[in-house]
Amino acid sequence: MQLSAHQVAQIQALKNEQNLTFTIDNTHILALKLDNQCYFYENLCPHLNKRLANDSMHCFDDSFCLIECQFHSAQFNPASGACVSGPCLGESLKAYKLTEQQGLFYLLTTSF
Ligand code: FES
């Protein structure tokens, strides 16, 4: 999935403990930054396939250590996407990685 220049600029502007959401090729993406590392997941909770977060809210728990779903508070490891607490324990978010090829940026699915 190729990112637009605007989406790349938004990602590059992310600060620690911030996130943003955007849609690319009809896929809703949640991008977040923790410990100076960016992570990308499909913005879809495996519990009821609802959006983990929306544009106007952060996607973290109170300690900013875990991703937390806005509906029933399932919590996910930000590095792996694995659910560590809540109604979808044992399931995982669909992860993507950002790659650059010849000056263009893409999100590719990962094998997490
Ligand atoms: S929809 Fe995410 S925890 Fe229920």
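Conventions adopted
- Residues numbered from 1 in each chain as written.
- Predicted model: local features only at pLDDT ≥ 70, side-chain atom pairs only at ≥ 80, totals over all residues.
- Heavy atoms only, no water.
- Pairing = 2+ DSSP bridges.
- Helix = DSSP H or I, 4+ residues; strand = E, 2+ residues; numbered from the N terminus.
- Buried < 20%, exposed > 50% of the residue type's maximum accessible area, 1.4 Å probe, protein only.
- Arc of directions from axis to C-beta.
- Contact = heavy atoms within 4.5 Å.

J.: I'd like a description of the sheet that holds strand S4 (residues 67–68), backed by residues and values.
T.: As summarised here, the arrangement of the three strands in space is S4-S5-S6, forming an open sheet in which the pairing is antiparallel. The open sheet is flanked by S4 and strand S6 (83–85), the only strands paired with a single partner. Bridge analysis of S4 against strand S5 (residues 75–76) gives two bridges, and the strand direction is antiparallel. Bridge pairing in S5 places glutamate 68 opposite glutamine 75.

J.: Tell me about helix H1 (residues 5–12), and name the residues and values.
T.: Turning to H1, its buried residues are Gln7, Val8 and Ile11. Here the buried residues of H1 occupy an arc of 100° about the axis, which is enough to place them on one side. Turned more than 90 degrees away from the buried face of H1, the exposed residues are Ala5, His6 and Gln12. If you follow the buried residues of H1, they end up packed against strand S1 (18–24), strand S3 (37–42) and strand S8 (104–109).

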